Amino acid sequence: MKTIFNKAEREELIERINTLNSHNTAQWGKMNLYQMMKHCTRWNDWVLGNGGYSYRQEFLGKLFGKMVLKGMVKDDKPMKKNAPAGIFTIKEQNGDIQDEKKIWLAQMAAYENFSNPEFIHDFFGKMKTEDIGIFVYKHMDHHLRQFNA
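Here the structure is a predicted model, which means the values were calculated and not measured. (Residues numbered from 1 in each chain as written. Predicted model: local features only at pLDDT ≥ 70, side-chain atom pairs only at ≥ 80, totals over all residues. Heavy atoms only, no water.)

(A) Broad picture of the overall build of the protein chain. A tally of helices and strands in the protein chain yields five helices and two strands. The linear arrangement of helices and strands in the protein chain, starting from the amino end, is α-α-α-α-β-β-α. Taking 15 Å as the expected radius of gyration for a compact globule of 149 residues, we find that the protein chain reaches 15 Å, a close match to that expectation. Principal-axis analysis of the C-alpha atoms gives the protein chain an extent of 40 × 30 × 30 Å. By the burial criterion, 44% of the 149 residues in the protein chain qualify as buried. (Helix = DSSP H or I, 4+ residues; strand = E, 2+ residues; numbered from the N terminus. Rg over C-alpha atoms; globule rule 2.2 N^0.38 Å. Buried < 20%, exposed > 50% of the residue type's maximum accessible area, 1.4 Å probe, protein only.)

Structural data, given as structure tokens:
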């Protein structure tokens, strides 16, 4: 299984992030390139434990979260298109793509020493570190594929 905690797979994602530029357009979804990059950097802050996010599982997640997570991390099948972004929806239309890229690349490097024992996914709940690694990889891959990177 591909995971953000594997150096080779992390480097592959970094190479793909580095290819992003203003010519990349969405193959699906409503986000533009800046919104996608900002979404990913805010989401990574949440997973990495930066930014003062509170962690708690929603009620529906308590009922179905573990079952959905198990289905998501069982193989290398990509995430489905057009999932809602929830609290990570970015309303701003424009911003500095190069600044977001720098932040994103620094976050990718931070996964090498990942340690956020407080992390609780709002739907999946408390996750094993190996499941976090697979899920983060899939999320990053999903958005890079969305923009042909």
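(B) Fine view of the pattern of salt bridges. Counted according to the given criterion, the structure contains seven salt bridges. The residue Asp141 makes a salt bridge to Arg16 at a minimum N-O spacing of 2.9 Å. Taken together, the positions of Asp141 in helix H5 (residues 129–146) and Arg16 in helix H1 (residues 7–18) put the pair 125 residues apart, joining distant regions of the chain. With respect to burial, Asp141 and Arg16 carry one shared label: buried. (Salt bridge = Lys/Arg side-chain N within 4 Å of Asp/Glu carboxyl O.)

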